[in-house]
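Structural features, examined
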Amino acid sequence: MLWLVLEQKYFGPIKIGNNVKIGANTTVLKDIPNNVTVVEFNRIITK
């Protein structure tokens, strides 16, 4: 499951893992692992 909220920015070819939540106004510059939440400027929050 992938949760996307408004206004994300993705740069370059990236891989987004499973069960990922990406917050509003988030800039993604690198691959995102499974089961995490990403907010702000590639800040990864794990459970």
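Residues numbered from 1 in each chain as written. Predicted model: local features only at pLDDT ≥ 70, side-chain atom pairs only at ≥ 80, totals over all residues. Heavy atoms only, no water.

What to know about the environment of Ile14
For Ile14, the position within the fold is in the loop between strand 2 (9–10) and strand 3 (20–22). Residues Ile14 and Lys30 lie 16 residues apart in sequence; the distance between their C-alpha atoms is 5.8 Å. (Helix = DSSP H or I, 4+ residues; strand = E, 2+ residues; numbered from the N terminus.)

Brief notes about the confidence of the model for the protein chain
Per-residue confidence for the protein chain averages 79 on the pLDDT scale, and 77% of its residues sit at or above 70. Strand 5 (residues 36–39) holds the highest mean pLDDT among the elements of the protein chain, 88, whereas strand 1 (residues 2–4) holds the lowest, 59. (pLDDT = per-residue confidence, 0-100.)

A short note on a nonpolar patch on the surface
Taken together, the side chains of Phe11, Leu29 and Phe41 present a nonpolar region at the surface, about 330 Å² in accessible area. On the secondary structure map, Phe11 appears in the loop between strand 2 and strand 3. (Patch = residues over 30% accessible without salt bridge, like charges linked within 9 Å, V, L, I, M, F, W, Y side chains within 5 Å. Areas by Shrake-Rupley, 256 points an atom, 1.4 Å probe, with all protein chains shown as cover. Salt bridge = Lys/Arg side-chain N within 4 Å of Asp/Glu carboxyl O.)

So, the side chain of Thr26
By the element assignment, Thr26 lies in the loop between strand 3 and strand 4 (27–28). For Thr26, the side chain forms a polar contact with the main-chain oxygen of Gly23, separated by 2.7 Å. (Polar contact = N/O pair within 3.5 Å; in protein donor to acceptor, adjacent residues only side chain to side chain.)

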